Amino acid sequence: DAGITQSPRHKVTETGTPVTLRCHQTENHRYMYWYRQDPGHGLRLIHYSYGVKDTDKGEVSDGYSVSRSKTEDFLLTLESATSSQTSVYFCAISMTAPDEQYFGPGTRLTVT
Amino acid sequence: AQSVTQPDIHITVSEGASLELRCNYSYGATPYLFWYVQSPGQGLQLLLKYFSGDTLVQGIKGFEAEFKRSQSSFNLRKPSVHWSDAAEYFCAVGSYNNNDMRFGAGTRLTVKP
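**Student:** Can you break down the interface of chain B and chain A residue by residue, with the values?
**Tutor:** Counting from both sides, the interface comprises 22 residues of chain B and, opposite them, 20 residues of chain A. Buried area between chain B and chain A, both sides added, is near 1700 Å², and the carbon and sulfur share of it is 57%. Interface area lost by chain B to chain A is led by L44, N99 and F103 of chain B, which between them contribute 34%. Our count for the contact surface shared by chain B and chain A stands at two salt bridges. The partner of D99 of chain A in a salt bridge is K49 of chain B, with the nearest N and O atoms 3.1 Å apart. Linking chain B with chain A are three residue pairs in polar contact (both at pLDDT 80 or more). At the level of secondary structure, the elements contributing two or more residues to the side of chain B that touches chain A comprise strand 5 (32-38), strand 6 (44-50), strand 10 (87-94) and strand 11 (102-103) of chain B. In terms of residue count, strand 5 of chain B provides more of the side of chain B that touches chain A than any other element does, four residues in total. In the side of chain B that touches chain A, the residues fall into eleven nonpolar, eight polar and three charged.

Here you go:
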């Protein structure tokens, strides 16, 4: 299995609070992605990175920001969490794009 | 942008029966097509992919898929389903022009004994 970890794995937070999710890889892959998974929608891309400090928006980027200061870490921040951001968040990596993506175990976020 | 439709939300098959999961995509150029499987509480795992060449591609766990450009389809098949195949299956399409991978909504497979 690709070396991808996500932290935390579960989080419950209140509306209006900031939240940061971390994705860490040990594979030295260039591309990193953040998705959210919701019933009936499959996976939707939030943001992705194509190198250190190089990021771009995905399909559902409103309300989210990202940062990548090191090859191995990709952070997803919800500046002010809302109930609509309750979801399961997956990080993925790939060596090239488009290509096979390797997925982390996911983070279940609940915003109350 | 590209898009993917998986017409079947839920499919039930008997163990040992054949399986076909449908996937239709929308994209103007040559698509990069993928099938992933997700077991409950897990991340996604790649079953197979198509970039070019032979339109019938083989994947892991006995799965295969056929790319049909005229029908904009990339259906997943397995000749004999095992109980361990029960999971959710996602079709995805990527584009060479951008890094945006689009996933279908998924098809949940139930396997009856």
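**Student:** Can you tell me about the state of the cysteines, naming the residues and giving the values?
**Tutor:** Residue and element names in this part refer to chain B. Taken as a whole, this structure holds two disulfides over all chains when the rule is applied. One disulfide bridge connects C23 with C91, the sulfur atoms lying 1.9 Å from each other. Negative torsions about the S-S bond denote left-handed disulfides, and the value of about -60 degrees found for C23 with C91 makes this one left-handed. Remark: C91 occurs in strand 10 and C23 occurs in the loop between strand 3 (19-21) and strand 4 (24-26); sequence separation between them is 68 residues. Since its relative accessible area comes to 0%, C23 is described here as buried. On the basis of relative accessibility, which here comes to 0%, the residue C91 falls in the buried class.

**Student:** Can you break down the pairing of strand 8 (residues 73-78) of chain A residue by residue, with the values?
**Tutor:** Across a regular strand the side chains alternate sides, sitting on one face of the sheet and then on the other. All names here are of chain A. The buried fraction of strand 8 is high, at five of six residues. Bridge analysis of strand 3 (residues 19-25) against strand 8 gives six bridges, and the strand direction is antiparallel. Residue pairing for strand 8: T20 is matched across the bridge by T77. Relative to strand 8, strand 7 (residues 64-70) is paired through five bridges, and the arrangement is antiparallel. Looking across to strand 8, one finds that V66 is bridged to L76. The turn joining strand 7 and strand 8, which pair antiparallel and follow one another in sequence, is formed by two residues.

Parameters at a glance
Residues numbered from 1 in each chain as written. Chains lettered and ligands numbered in written order. Predicted model: local features only at pLDDT ≥ 70, side-chain atom pairs only at ≥ 80, totals over all residues. Heavy atoms only, no water. Contact = heavy atoms within 4.5 Å. Buried area = accessible area lost by both parts, 1.4 Å probe. Salt bridge = Lys/Arg side-chain N within 4 Å of Asp/Glu carboxyl O. Polar contact = N/O pair within 3.5 Å; in protein donor to acceptor, adjacent residues only side chain to side chain. Helix = DSSP H or I, 4+ residues; strand = E, 2+ residues; numbered from the N terminus. Nonpolar A, V, L, I, M, F, W, Y, C, P; charged D, E, K, R; others polar. Disulfide = S-S within 2.5 Å. Buried < 20%, exposed > 50% of the residue type's maximum accessible area, 1.4 Å probe, protein only. Pairing = 2+ DSSP bridges.

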